[in-house]
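A closer look at the structure
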Amino acid sequence: MPDFSTNAHHKQGQTFSEWVWYSSNAALSEGEGVCYDWDYNRSGGTAATAYPERYNRVETPTILNAPHFAGVAARDYSAVSTGQLIEIYRPGSVCNVWSKANCTIGVGRITCEASGTPGNFTYEGFPGRGSARPLQTVDRSTTAGKVLAYM
């Protein structure tokens, strides 16, 4: 049975973390969004082949994988040409998201982009797993950066 109590210092936000394989060779900033690689195929595989690891692997958001939002990077990760194991914070977490929007605490929502600048949270989009409610007032509209939010 999962334990959802805050098992840390009382000033730490409640997070739900998961370790996943990031298959891209790009760097990630803390709070940048990723999506599950729901259509992953090993060499020689097809869409008809059952691969349970499709939800253990993540990639940069695209229009095709946007409905499979996984969470945000828990910290900065350097680029690695072969991919790497990363920690993400899943929806339901209070954590930093990488935003390029003017945010006001408790007002509106910001949504992870699948086009434009994939992985960045910007002005209101659809509600659901890829959206967050700002918990900090900060203007990131000219320079992207971290914003505390509830995903």
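In short, a report on the structure. (Residues numbered from 1 in each chain as written. Predicted model: local features only at pLDDT ≥ 70, side-chain atom pairs only at ≥ 80, totals over all residues. Heavy atoms only, no water.)

A look at the overall build of the protein
Helix and strand counts for the protein stand at 0 helices and 12 strands. Ordered by position from the N terminus, the helices and strands of the protein form the series β-β-β-β-β-β-β-β-β-β-β-β. Taking 15 Å as the expected radius of gyration for a compact globule of 151 residues, we find that the protein reaches 16 Å, a close match to that expectation. Projecting the C-alpha coordinates of the protein onto the three principal axes gives extents of approximately 50 × 40 × 30 Å. Every one of the 151 residues in the protein was classed for burial, and the buried ones make up 39%. (Helix = DSSP H or I, 4+ residues; strand = E, 2+ residues; numbered from the N terminus. Rg over C-alpha atoms; globule rule 2.2 N^0.38 Å. Buried < 20%, exposed > 50% of the residue type's maximum accessible area, 1.4 Å probe, protein only.)

Side note on the nonpolar core
By size, the foremost hydrophobic cluster in this structure holds 17 residues, and its most contacted members are F69, V72, V97, I110, F121 and M151. Those elements giving two or more residues to this core turn out to be β4 (69–73), β6 (94–99), β8 (110–112) and β12 (145–150). Those residues in contact with V72 that sit more than four places away from it in its chain are G31, E32, G33, E87, I88, Y89, C95, N96, V97, F121 and M151. If you look at the next biggest cluster of nonpolar residues, it comprises 11 residues, including V34, A70, I86 and I88. (Core = buried A, V, L, I, M, F, W, Y, C linked by side-chain atoms within 4.5 Å. Contact = heavy atoms within 4.5 Å.)

What about the side chain of S93?
Structurally, S93 can be placed in the loop between β5 (84–89) and β6. Classification of S93 as buried rests on a relative accessible area of 0%. In terms of polar contacts, S93 uses its side chain to reach the backbone carbonyl oxygen of R90, at 2.7 Å. Residues in contact with S93, not counting those within four places in the same chain, are Q14, T15, F16, A149, Y150 and M151. (Polar contact = N/O pair within 3.5 Å; in protein donor to acceptor, adjacent residues only side chain to side chain.)

Description of the pattern of salt bridges
Working definition: two side chains of opposite charge can pair if their charged atoms are close together. As enumerated under the stated definition, the model contains 4 salt bridges in all. Across the salt bridge formed by E18 and R90, the nearest N and O atoms sit 3.4 Å from each other. Of this pair, E18 sits in strand β1 (residues 17–22) while R90 sits in the loop between β5 and β6; the two residues are 72 residues apart in sequence, bridging distant segments of the chain. The class for E18 is buried, based on a relative accessible area of 15%. Judged by relative accessible area, R90 falls into the partly exposed class, the value being 33%. E30 serves as the salt-bridge partner of K146, at 3.4 Å between the closest nitrogen and oxygen. (Salt bridge = Lys/Arg side-chain N within 4 Å of Asp/Glu carboxyl O.)

Things to note about the pairing of β1
Residues E18, V20 and Y22 of β1 are buried on one face, while the alternating residues S17, W19 and W21, pointing to the opposite face, are not. Sheet topology note: the β1/β5 ladder contains 6 bridges and is antiparallel. If you follow Y22 over to β5, its bridge partner there is Q84. Of the strand pairs in this sheet, β1 and strand β3 (residues 57–59) are connected by 2 bridges, and their pairing is parallel. When the sheet's bridge partners are listed, W21 is paired in β3 with R57. (Pairing = 2+ DSSP bridges.)

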